[in-house]
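Take a look at the letters that make up each chain.
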Amino acid sequence: MEIMTEELNSKTKNILKRGMMDNVMEQFNRAANHIHLNPNIRKILSITNNELVIHFPVKMDNGDVEIFRGYRVQHNNALGPYKGGLRYHPTVDIDAARALAMWMTWKTSLAGLPYGGGKGGIQLDPSKYSQGELERITRRFTFALADNIGPEHDIPAPDLNTNSQTMAWIADTYMSTRPPAERSANQHVVTGKPIESGGLEGRDRATGFGVYLNIKFWLNSKNETLQGKRFIVQGFGNVGYWAAYFLEQEGAKLVAVQDVFGSLYNPEGIQVEKLYNYSTSNKGNIAGFPEASIIDKHDFFGVDCDICIPAALGNQITKESAPNIKARLVAEGANGPTDVEGEKILLAKGITIIPDILCNSGGVIASYFEWLQNRSGDMWPIDEVMDKLEKKLKNSFDKVYEYAKNEGIDMRTAAYCIAITRIEKAYVQRGIFP
Ligand code: NAD
């Protein structure tokens, strides 16, 4: 039985990872064809620059040693240092890391940042480890990554199941392994740190804020507001919670929410702050929240609503779930939540998709602000951060919206065309060494 479960898990993982790489390559090729991308640059961008697979030992609380597998994939750095999150999840593998690293290259380019794209993580289920074990795992992984990351080379950030605490451990480990006089100059080796450890006011909410703003900008383009709009959110973590928080503030109503433990529904609206307090006192678990009914997880995407926000894992909107979606707008908080078949179905139904590389770019833009502050020793108040963030996000939204309208294409392809064109220009200007 044990072996069968293992086989099943590995089959599920294979489906997930094949889909992720397939998705990102199909999206890339569609945009590359549209802009007639220089064939030599297409070759470069179709492949990752560097891929690290690291096995490292960690002592567990019971004295046993466990071997972990960590990844860091650096896709492209034509525009600047590699930038992208670290994820702790059983589905982390080389193909997922490659796909996610590529998405980062497009995301940073679209946002106009001086960064390339990277991604990585550790293949593990963090709920199975104590806080002390997670700290040792993180520190040992950082030590093993050594000079393959660095504040002007490759700058990780939080992602699924990692947070500001994880970043504080990474920064501390990295800085502790530098010569004493260089330690403080290396604080920006990661972003998404706690405020007291060099973090940015507002970084915690930046991704969800960006999701909310993108939805608002889209509605405004139709002369509509958020007032009374019903939305559903998959994933009630950093991205899902903050997106729901800001949407509710402007009069929208959360009617269904799903996390890894369960799915909740209340057509009258679920109060976001109440649910957050319930879930934080319940180890991040929303199931059992008394002011909503539990629904089957397969019914979640079919809930009647205006806006659907996938903010958990990749490959959630597929040929199975897409036909059920009733929303007019899908705002991608997660990376790669809609696969290629799911996307075709949504577009055929006339549903607009605000693509991940635009919709969730608030996080990496805020990370850039944190990096700038660490470099210059500056500290911006939260109002200034949110203001700067909003300006950048509006600029990105307008570019993508106008491009899509002018070219008669969907917003994802438009976002890719803009992102890839910027990188293409950099290659053409610089040429290929030697
Ligand atoms: P998180 O760990 O804070 O929260 C993840 C949430 O997803 C949790 O509520 C969890 O229960 C839920 N979840 C996990 N597996 C699920 C499943 N199978 N079905 C339903 N729900 C499930 O993670 P996060 O930081 O909010 O990241 C969520 C997504 O957003 C990821 O795809 C990540 O790559 C993307 N993203 C995050 C950031 C960021 O700044 N944190 C930035 C850009 C993109």
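Residues numbered from 1 in each chain as written. Predicted model: local features only at pLDDT ≥ 70, side-chain atom pairs only at ≥ 80, totals over all residues. Heavy atoms only, no water.

1. Digging into the site of the ligand
Then, number 1: The local shell around the ligand holds 23 residues, among which R87, D159, T207, A312 and N335 are the closest.
Then, number 2: A distance of 2.6 Å separates an oxygen atom of the ligand from a polar side-chain atom of D159.
Then, number 3: Within the contact set of the ligand, an oxygen atom lies 3.3 Å away from a backbone nitrogen or oxygen of G237.
Then, number 4: Relative to its unbound accessible area of 830 Å², the ligand is 86% covered by the protein chains.
Then, number 5: Breaking the shell around the ligand down by element, the ones donating at least two residues are helix 6 (203-221) and helix 7 (238-249).
Then, number 6: Considering only residue class, the shell around the ligand consists of eight nonpolar, ten polar and five charged.
Then, number 7: Counting contributing residues per domain, the shell around the ligand is built from domain 1 (47-186) and domain 2 (205-359), each supplying no fewer than three. (Near = heavy atom within 4 Å. Polar contact = N/O pair within 3.5 Å; in protein donor to acceptor, adjacent residues only side chain to side chain. Areas by Shrake-Rupley, 256 points an atom, 1.4 Å probe, with all protein chains shown as cover. Helix = DSSP H or I, 4+ residues; strand = E, 2+ residues; numbered from the N terminus. Nonpolar A, V, L, I, M, F, W, Y, C, P; charged D, E, K, R; others polar. Domains from an automatic or database assignment.)

2. A look at the sheet that holds strand 6 (residues 230-234)
In a beta sheet, neighbouring strands pair by backbone hydrogen bonds and run either parallel or antiparallel.
Then, number 1: Taking strand neighbours across the sheet as the criterion, the seven strands line up as 9-8-7-6-10-11-12 in an open arrangement whose pairing is mixed. Among the strands making up the open sheet, the edge pair consists of strand 9 (293-295) and strand 12 (352-354). Along the sheet, successive strands turn relative to each other by an average axial angle of 25 degrees, direction set aside. (Pairing = 2+ DSSP bridges. Axes fitted to C-alpha atoms, helices over the stretch in contact; angles between N-to-C directions.)

3. Some points on the packing of aromatic side chains
Then, number 1: Enumeration over the complete set of coordinates arrives at 24 aromatic pairs.
Then, number 2: Ring plane angle 80 degrees and centroid distance 5.8 Å describe the contact between F236 and Y241, whose orientation is recorded as edge-to-face.
Then, number 3: When the centroid spacing of 6.2 Å and the interplanar angle of 45 degrees are considered together, the rings of Y368 and F369 count as tilted.
Then, number 4: Judged by its relative accessible area of 16%, Y368 is buried.
Then, number 5: For F369, a relative accessible area of 5% gives the class buried.
Then, number 6: Aromatic ring contacts, followed pair by pair, group F209, Y212, F236, Y241, W242, Y245, F246 and Y276 into a single cluster.
Then, number 7: Taking NZ or CZ as reference, R178 lies 4.1 Å from the ring centre of Y174, over its face.
Then, number 8: Directly above the ring of W380 sits K388, whose terminal nitrogen or CZ lies 4.4 Å from the centroid. (Phe/Tyr/Trp six-rings, centres within 6.5 Å; stacked < 30°, edge-to-face > 60°. Buried < 20%, exposed > 50% of the residue type's maximum accessible area, 1.4 Å probe, protein only. Lys NZ or Arg CZ within 6 Å of the ring centre and 35° of its normal.)

4. Quick look at the domain arrangement of the protein chain
Then, number 1: With domains assigned, the protein chain is organised as domain 1 (47-186) and domain 2 (205-359).
Then, number 2: Between the C-alpha centres of domain 1 and domain 2 the distance comes to 28 Å.
Then, number 3: Taken together, the contacts link ten residues of domain 1 with seven residues of domain 2.
Then, number 4: The contact between domain 1 and domain 2 buries some 720 Å² in all, and 64% of this surface belongs to carbon and sulfur atoms.
Then, number 5: For the domain 1 face of the interface with domain 2, the top three residues by lost area are W103, K107 and L110, together amounting to 57%.
Then, number 6: Linking domain 1 to domain 2 there are zero salt bridges.
Then, number 7: Taken together, domain 1 and domain 2 are joined by one residue pair in polar contact (both at pLDDT 80 or more).
Then, number 8: By residue number, the principal contributor to the side of domain 1 that touches domain 2 is helix 3 (residues 94-110), which donates five residues.
Then, number 9: Class assignment for the residues of the side of domain 1 that touches domain 2 results in five nonpolar, one polar and four charged. (Contact = heavy atoms within 4.5 Å. Buried area = accessible area lost by both parts, 1.4 Å probe. Salt bridge = Lys/Arg side-chain N within 4 Å of Asp/Glu carboxyl O.)

5. Some details on the pairing of strand 10 (residues 307-310)
Then, number 1: Taking every second residue as pointing to the same face, both faces of strand 10 are buried, with I307 and I309 on one and C308 and P310 on the other.
Then, number 2: Bridging between strand 10 and strand 11 (residues 329-331) involves two bridges; their strand directions are parallel. By the bridge assignment for strand 11, I307 is matched with L329.

6. So, the confidence of the model for the protein chain
Caution applies to low-pLDDT parts of the model: their predicted coordinates are not meant to be read in detail.
Then, number 1: Here the protein chain averages 95 in pLDDT, and 96% of its residues register 70 or above.
Then, number 2: Note that residues 1-17 has pLDDT below 50 and, in this model, ten contacts with residues that lie over four places away or in other chains. (pLDDT = per-residue confidence, 0-100.)

7. Observations concerning helix 11 (residues 362-376)
For an α-helix, 3.6 residues make a turn, and residues three or four places apart therefore share a direction.
Then, number 1: Counted at 1.5 Å a residue, the expected span for helix 11 with its 15 residues is 21 Å, and the 21 Å between its end C-alpha atoms agrees.
Then, number 2: Most of helix 11 sits inside the fold, with twelve of its 15 residues counted as buried.
Then, number 3: For helix 11, the complete set of buried residues consists of G362, G363, V364, I365, A366, S367, Y368, F369, E370, W371, Q373 and N374.
Then, number 4: Close packing links the buried residues of helix 11 with strand 3 (82-88), helix 3, strand 5 (154-158), helix 6 and helix 12 (382-407). (Expected span 1.5 Å × (residues − 1).)

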